[in-house]
Every structure is written in C-alpha cells, then in structure tokens.
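Survey of secondary and tertiary structure
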Amino acid sequence: GDDFSFVSPVAKYVLFFFNLLFWVISMVLVAVGVYARLQKHAEAAVACLAVDPAILLIMVGVLTFLITFCGCVGSLRENICLLQVFSVCLTIIFLLQLAAGVLGFVFSDKARGKVSEIINGAIVHYRDDLDLQNLIDFGQKEFSCCGGVSYKDWSQNMYFNCTATNPSRERCSVPFSCCLHDARQAVINTMCGHGMQARGYLEASAFIHTNGCIDKLVNWTHSNLFLLGGITLGLALPQLVGIVLAQLLINQIRDQIKLQLYNQQHRADPWY
C-alpha cells in the first residue's frame, strides 16, 4: 500500500534523540569553553593556547556539535548524505581512538615521552592560566606527586626558577599542592613549598612530595586497567551504536527510494 514504508520509526527517532542529547552537551561544552576564555586576562589570551583547557573544551564541543548536527538533521529529514557524513565521522573517530590505544600500548616509551612533554609545557605556563593552574594543583594533590619526574622540574617555570638571578619571591619554591597534607591544619598554608627546590630529596621529603607525577600516573594506569577499559568501552559503545543505527537507516531509506521509483514506474504504465 501507499502507507507502507521501509524506514523504521524506532530507528529513526532513537538516532535523532541520541544525537539531540549529545548536541545539547556539545553546546554546553562550547559555552563553558568560550566563557572561560573570555574571563581570562588579555595577556593570557595567546600565551598558552596549546595547554589551555578552555580551548580543548571549545574544540571538542565544536567537533561534537557538527557531527551530531548531521546525525540529528539526517535522521529527522531522512537525508542519506548527512547520515553518511555522520557515520563516516564516527567511524574515523573510533578508528583513531583504537589506533591511539594500540600505539600507546606498543610504543609505551614514546607515549611516556609525549606525556612528559605535555606536563613540562603545563609547568612552564602554570602561572599564565588559572584553569591550567587549578588542573595541575588537582592532579598533584590526587596523585601525591610534584612536577614531572621530580619536584625540581618546577625550576622550568620562570617564577619558581632556582637560579640566583631570578628576582621572584617564589624562587626555588614549589606550588602548595606539592606539600604533604596535614589534617590538623584548618587553613591551607600556600607558602609551604617555599625554598624546597634548594633542599635535597631526603630533607624536602619531610615537607613535600618529591616523586614526579609521570611515574605516579603510570603506576595508577597499571593498577586501574579494568577501570580504564570500562571507560574506553563506555566511550566506544555510543559511537558503535550511532554507526550501526545510521547504516541501518541509510539502507532503509535506500529501500524506500527504490519502492517509490518502482511505484512511479508502474503507475506510468497504462496496463497498471
């Protein structure tokens, strides 16, 4: 009959609402990222774009917005072109994630070197960006670590540099997030890391965490492989569901187009 359709309303609207949810999330990410960038000081606007969490939020948000836009409109309007773009983009992202995981496992030494490079870059720009500063402080507190390889890595920062010519009041210091936590202190002593780089490991270890965050991060990764695997699966599963639904809907739309062309040809037939 004329009312028959190969396109399943379930597949169509599940894919639509699936994309609509992530579309809203992407707009929130972009809004938060833009707000964070606008709140920064003018001198920080170009200083550390490579390690700016706000820029990362904006980039992820914009990419997600564009992909889910194709999925939303493509499923609602039954547009094969947009659905193919959506499916191809999700497939590429999934394959890139898979490749990154495999390469990170196979070339663990190079991956460690890249992580070390990122951490050192973050240390250099610690005072340039409040968001980055809060992120580093959070990481050092959570992992009970200080710096990349050791607490003396903070000498790479111009404010904490331990050379005699450094005029900063924070010379030879480390951030307060490196300090050992004292449960008896009701107020955090933000100057607890003063002059710690000038001390040896044994002497400094009585006041701060001397081990670097890279080793702590590697150890945490090895200890939480099942958790990381679950998170990876949780990220990959929605992508696979989106790809399967998009391909299913594309095939259904093509079958519907063939049916319509078949009906038109037969209606034009005088013997029909």
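Residues numbered from 1 in each chain as written. Predicted model: local features only at pLDDT ≥ 70, side-chain atom pairs only at ≥ 80, totals over all residues. Heavy atoms only, no water.

The chain has the name Tetraspanin in an unreviewed UniProt entry, where Hippolais icterina is given as its organism.

Further remarks concern the state of the cysteines. Summed over all chains, the structure comprises 4 disulfides. Disulfide pairing is shown between cysteine 145 and cysteine 213; the S-S distance is 2.0 Å. Across the disulfide from cysteine 145 to cysteine 213, rotation about the S-S bond amounts to roughly 90°, and the bridge is consequently right-handed. In this pair, cysteine 145 sits in the loop between α5 (130-143) and α6 (201-204) while cysteine 213 sits in helix α7 (residues 213-223), placing the two residues 68 residues apart along the sequence. Covalent S-S linkage joins cysteine 162 and cysteine 172, the inter-sulfur distance amounting to 1.7 Å. The chirality of the disulfide connecting cysteine 162 with cysteine 172 is right-handed, given an S-S dihedral of about 95°. Highlighted residues: cysteine 162 in the loop between α5 and α6 and cysteine 172 in the loop between α5 and α6, separated in sequence by 10 residues. Disulfide partners in the chain, listed by the sequence order of the bonded cysteines, are 1-8, 2-5, 3-4, 6-7. (Disulfide = S-S within 2.5 Å. Helix = DSSP H or I, 4+ residues; strand = E, 2+ residues; numbered from the N terminus.)

Turning to the side chain of lysine 12, a few remarks are in order. Looking at the element boundaries, lysine 12 is found in helix α1 (residues 9-38). Taking relative accessible area as the criterion, lysine 12 reaches 13% and is therefore assigned buried. In this view, lysine 12 contacts Val7, Ser75, Leu76, Glu78 and Leu249; residues no more than four positions away in its chain are not counted. (Buried < 20%, exposed > 50% of the residue type's maximum accessible area, 1.4 Å probe, protein only. Contact = heavy atoms within 4.5 Å.)

What follows is about α5. Taking 1.5 Å of rise per residue, 14 residues should cover 20 Å, and α5 covers 20 Å from first to last C-alpha, within 8% of that figure. Looking only at α5, the buried set comprises Leu132, Gln133, Ile136, Asp137, Gly139 and Gln140. The buried residues of α5 all sit within an arc of 160° when viewed along its axis, so they share a single face. Away from its buried face, by an angle of more than 90 degrees, α5 presents the exposed residues Leu130, Phe138 and Glu142. Residues of α5 that are buried make contact with α2 (53-77), α4 (108-124) and α7. Positive backbone phi, approximately 55°, marks serine 144, located one or two places after α5. (Expected span 1.5 Å × (residues − 1). Arc of directions from axis to C-beta.)

Within the UniProt annotation, "transmembrane region" (unreviewed entry) is assigned to residues 13-36, 48-76, 82-107 and 225-250. Note that residues 13-36 is 100% helix and 0% strand, and that its end C-alpha atoms are spaced 34 Å apart. (UniProt positions renumbered as here; feature names shortened; annotations may be inferred.)

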